[in-house]
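Close look at the chain arrangement
Each chain, letter by letter, is given below.
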Amino acid sequence: MIGACSVRVGVDVGGTNTDAVLMDGREVVAWTKAQTTADVSGGVASAIRTVLEDAGIAPGAISSVMIGTTHFTNALVERKHLSPVGILRLASPSGEALPPKTGWPAGLSGSIGDHVFLLGGGYEVDGREIAPLDEAGVREAAHTLRNAGIFAIAIISAFAPVNNAMEMRAAEIVKEEFPDAVLTLSSAIGRIGLIERENAAILNAALSDLAVRIAASFEEALRGLGIEAPLYISQNDGTLISAAQAAAYPVMTIGSGPTNSMRGAAFLTGLTDAIVMDVGGTTTDIGVLANGFPRESSVAVDIGGVRTNFRMPDILAIGLGGGTRIHLDEALYEAEAIDDAALRIGPDSVGFRIVEDARLFGGDTLTASDVGVALGLARFGAPEKLPALSDAALSAIASRIRDMLEEGIDRMKTARLDATVLAVGGGAFLVPDILKGAAQVIRPPHAPIANAVGAAIAQVGAQIEKVLDYDATPRAEALDAMKADVAAQAVAAGGDAATVQIVEVEEIFLSYLPGRAAQVRMKAVADLAEGGDRVHADAVAGVAHAL
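In this text, all values refer to a predicted model and were calculated from it rather than measured experimentally. Per chain, residue numbering runs from 1 following the sequence as it is written. It should be noted that, the model being predicted, local features are given only for residues of pLDDT at least 70 and side-chain atom pairs only at 80 or more, the latter also being counted only at that level, while totals for whole chains, interfaces and linings use all residues. The side-chain figures draw on all heavy atoms in the structure; neither hydrogens nor water molecules are used.

With respect to the packing of helix α1 (residues 40–55) against helix α6 (residues 194–224)
- Axes here refer to lines fitted to C-alpha atoms; in helices the fit is confined to the stretch in contact. Angles between the N-to-C directions go from 0 to 180 degrees. Helix and strand definitions here come from DSSP, where helices need a minimum of 4 consecutive H or I residues and strands a minimum of 2 consecutive E residues; each element is numbered from the N-terminal end. Across the interface, α1 lies against α6 with an axial gap of 9 Å and an inter-helix angle of 35 degrees. Crossing of α1 over α6 shows right-handed handedness. For the pair α1 and α6, the contacting residues are Ser 41, Val 44, Ala 45 and Ile 48 in the first and Ser 217, Phe 218, Ala 221 and Leu 222 in the second.
- Residues are grouped as follows: nonpolar covers Ala, Val, Leu, Ile, Met, Phe, Trp, Tyr, Cys and Pro; charged covers Asp, Glu, Lys and Arg; every other residue, Gly included, is treated as polar. Class assignment of the residues belonging to the contact of α1 with α6 gives a composition of six nonpolar, two polar and no charged. In this scheme, a crossing is called left-handed if the near helix is turned counterclockwise away from the far one by less than a right angle; it is called right-handed if the turn is clockwise. Every residue pair with non-hydrogen atoms within 4.5 Å of one another is taken to be in contact.

What follows is the structure, given as structure tokens:
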């Protein structure tokens with residue numbers, strides 16, 4: 001019998017497939033994998049309806065719904081649905097050497113416009129002011145943007161993660177002059193580096209209007225299904241935020257797809273440290289599980305051609321998926337030997353058109369899935385429609401695929417010993433059982449929908465980054481205080497206090513500062529508490545700041 005308070009629905013919207021799973025506690029009760037539709041929200045509703053019908057339960061039995069979406073990634077890549085952004089940088093006079101949006105792709109920069117205000121303000125790394133906040137300048141900028149009809153505004157102050165007081169004061173002034181403005185504060189999103197954090201804040205502001213509409217469309221879809229349970233959106237680091245928070249900070253959800261797969265792989269296997277290969281329709285995403293969570297990228301991350309520094313998983317994406325095109329002259333399909341130069345794997349893919357273009361479905365494009373079925377690694381489609389392929393051709397293609405995956409393992413490993421590899425995703429059958437650099441390859445049950453499982457079992461979390469002065473406060477005392485802060489914010493985000501865990505502590509001593517100072521980043525997670533959706537607005541604001 002399905003429990004009344006533990007039934008979750010997880011949905012992962014990818015470029016090729018929309019996967020959904022219904023879980024009762026730790027048990028997968030029903031799942032579906034369907035093609036992603038142009039009307040993404042409609043596709044999400046259809047997938048949820050399918051798992052409800054398959055499980056035979058009423059919408060009222062659902063306790064929560066978690067969705068990972070590619071909406072915002074696609075908007076940045078395609079330069080669509082972006083809002084013009086007013087940019088207030090508080091770092092003058094020293095912070096004017098490199099103007100905002102330097103190095104951006106012209107198309108993306110043009111979509112956002114050139115509404116830049118360089119104003120006095122900001123801090124040094126040790127908290128000293130660069131200059132007093134130019135309040136008159138902020139007020140004039142807000143007035144100008146209001147008259148121009150620019151509602152999305154990004155406010156960025158030098159070293160705001162150390163001290164966000166100027167960003168907060170600037171936000172108050174802007175709201176006084178322009179109450180309808182939608183504000184993004186850089187201290188709520190990125191790390192200490194000014195340019196990358198500024199880029200992240202600008203992208204977030206550009207997505208703000210779309211984010212509100214997407215969150216509303218998801219909520220409307222759930223209402224249409226009769227589901228009254230709270231909606232959460234999965235973040236880049238594998239934790240959840242409410243739909244309202246996602247509407248305010250959409251960039252925090254951009255990398256949720258690979259993250260969901262990795263968290264799902266950890267849950268399905270019970271392993272916390274491994275390499276995960278998520279083979280989709282177009283790419284294979286390779287990431288590292290550390291302590292049950294994806295290893296975060298420690299360097300600037302490129303989003304739509306823009307360098308950013310907010311939390312993103314460290315993922316290597318290679319052009320190999322179920323829909324990847326196999327470039328081999330048809331005249332060589334039955335050859336007794338294949339020259340290396342005659343064969344190329346991808347990186348192009350038929351993507352969601354696989355059911356039309358692949359040989360298995362009567363199309364005229366040889367894909368990796370066709371080869372997998374020909375090799376007996378999977379059974380679907382119409383194998384009788386496959387062309388005749390010689391043993392030499394099949395062996396050459398399989399060998400090339402193996403080389404691509406082994407190179408990926410080698411690039412992601414940080415230890416000499418062989419790693420455990422978890423193969424998930426709809427194309428996991430393409431991962432051989434034996435790989436150089438892998439101690440073993442595990443294919444967990446429900447591997448094709450590990451991404452949706454990862455969304456369904458996601459926890460809430462919070463993260464703080466500070467510069468600590470150990471001469472002012474003893475190290476142990478300072479770290480304990482920071483742990484208490486981040487744990488409290490995880491609870492404020494809807495977490496169960498009894499389940500809070502500090503899962504990551506990164507400490508870098510800053511030798512260029514006088515005394516003993518360190519930059520510390522700390523992350524806490526917790527299971528979702530019953531009623532955790534009813535987060536107080538003040539708590540949301542506090543967590544958003546920590547994120």
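Overview of the packing of helix α4 (residues 135–148) against helix α5 (residues 165–177)
- Where α4 contacts α5, the axes come no closer than 9 Å and their chain directions differ by 40 degrees. Viewed along their axes, α4 and α5 adopt a mutual orientation that is oblique. The two elements α4 and α5 cross, and the hand of that crossing is right-handed. For the pair α4 and α5, contact is made by Glu 135, Val 138, Arg 139, Ala 142, His 143 and Arg 146 and by Arg 169, Ala 170, Ile 173, Val 174, Glu 176 and Glu 177, respectively.
- Considering only residue class, the contact of α4 with α5 consists of five nonpolar, one polar and six charged. Working definition: roughly parallel below 35 degrees, roughly antiparallel above 145 degrees, roughly perpendicular at 65 to 115 degrees, and oblique for all remaining angles.

Details of the pattern of salt bridges
- Salt bridge criterion: a side-chain nitrogen from Lys or Arg within 4 Å of a carboxyl oxygen from Asp or Glu. Counted according to the given criterion, the structure contains 18 salt bridges.
- Between Asp 348 and Arg 325 there is a salt bridge, with the nearest N and O atoms lying 3.4 Å from each other. Of this pair, Asp 348 sits in strand β18 (residues 343–349) while Arg 325 sits in strand β17 (residues 324–328); the two residues are 23 residues apart in sequence, bridging distant segments of the chain.
- A simple rule labels every residue: compare its accessible area, found with a 1.4 Å probe on the protein chains alone, to the largest value its type can have, and call it buried under 20%, exposed over 50%, or partly exposed in between. Among the residues examined, Arg 325 registers a relative accessible area of 24% and is labelled partly exposed.

Regarding the sheet that holds strand β5 (residues 85–92)
- The strand order β6-β5-β7-β8 describes an open sheet built from four strands, whose pairing is parallel. The open sheet terminates on both sides in strands that have one partner only, identified here as β6 (115–120) and β8 (182–185). Each strand axis lies, on average, 20 degrees off the axis of its neighbour in the sheet, ignoring direction.
- In short, DSSP must find at least two bridges between two strands for them to pair. Summarising the sheet, β5 and β6 pair through six bridges and their orientation is parallel. For Leu 90, the partnering residue across the bridge sits in β6 and is Leu 119.

What to know about unusual backbone geometry
- Look at the link from Ser 92 to Pro 93: it is a cis peptide, with omega at 5 degrees.
- Its location among the elements puts Pro 93 in the loop between β5 and α3 (106–112).
- In this model, Asn 291 sits at a positive phi of 60 degrees, which is unusual for a non-glycine residue.
- Residue position: Asn 291 is located in the loop between β12 (284–290) and β13 (293–294).
- Despite not being glycine, His 446 has its phi angle at roughly 65 degrees, a positive value.
- With respect to the helices and strands, the residue His 446 is situated in the loop between β20 (438–442) and α12 (450–456).
- Under the relative-accessibility criterion, His 446 is labelled partly exposed at 30%.

A few points about the sheet that holds strand β9 (residues 231–234)
- Taken in spatial order, the nine strands make up an open sheet running β3-β2-β1-β4-β9-β10-β21-β23-β22, and their pairing is mixed. The open sheet terminates on both sides in strands that have one partner only, identified here as β3 (27–35) and β22 (501–509). Between one strand axis and the next, the sheet turns through 25 degrees on average, direction left out of account.
- One ladder, built from three bridges, connects strand β4 (residues 64–68) with β9; its direction is parallel. By the bridge assignment, Val 65 is partnered in β9 with Leu 231.
- Relative to β9, α6 is tilted by about 135 degrees, and along the sheet it contacts β4 and β9.

Some remarks on the environment of Met 404
- One can find Met 404 in helix α11 (residues 391–412).
- Separated by 52 residues in sequence, Met 404 and Phe 352 place their C-alpha atoms 22 Å apart.
- Beyond its immediate chain neighbours, meaning those up to four positions away, Met 404 contacts Ile 318, Gly 319, Leu 320 and Ile 345.

Digging into the pairing of strand β2 (residues 17–24)
- With seven of eight residues buried, β2 lies mostly within the body of the structure.
- As paired strands, strand β1 (residues 7–13) and β2 are joined by seven bridges and run antiparallel to one another. Residue pairing for β2: Asp 12 is matched across the bridge by Asp 19.
- Taking the residues that link successive antiparallel strands as the turn, the β2-β3 hairpin has two residues, and the phi of Gly 25 there is positive, at about 65 degrees.

Structural notes on the packing of aromatic side chains
- Here the aromatic set is Phe, Tyr and Trp, taking the six-membered ring for Trp, and pairing holds for ring centres within 6.5 Å; pairs whose planes are under 30 degrees apart are stacked, those over 60 apart are edge-to-face, and all others are tilted. In the structure shown here, the tally under the stated rule is four aromatic pairs.
- Here the aromatic rings of Phe 151 and Phe 178 are separated by 5.4 Å at their centres, their planes lie at 50 degrees, and the arrangement is tilted. Of this pair, Phe 151 sits in the loop between α4 and β7 (152–157) while Phe 178 sits in the loop between α5 and β8, placing them 27 residues apart in sequence.
- Take Phe 178: its relative accessible area is 4%, and that puts it in the buried class.
- Cluster of aromatic residues (ring-pair linked, three or more members): Phe 361, Phe 380 and Phe 429.
- In this analysis the charged atom, NZ for Lys or CZ for Arg, is taken to sit over a ring once it is within 6 Å of the ring centre and within 35 degrees of the ring normal. Over the ring of Phe 293 we find Arg 263; its NZ or CZ atom is 4.1 Å from the centre of that ring.

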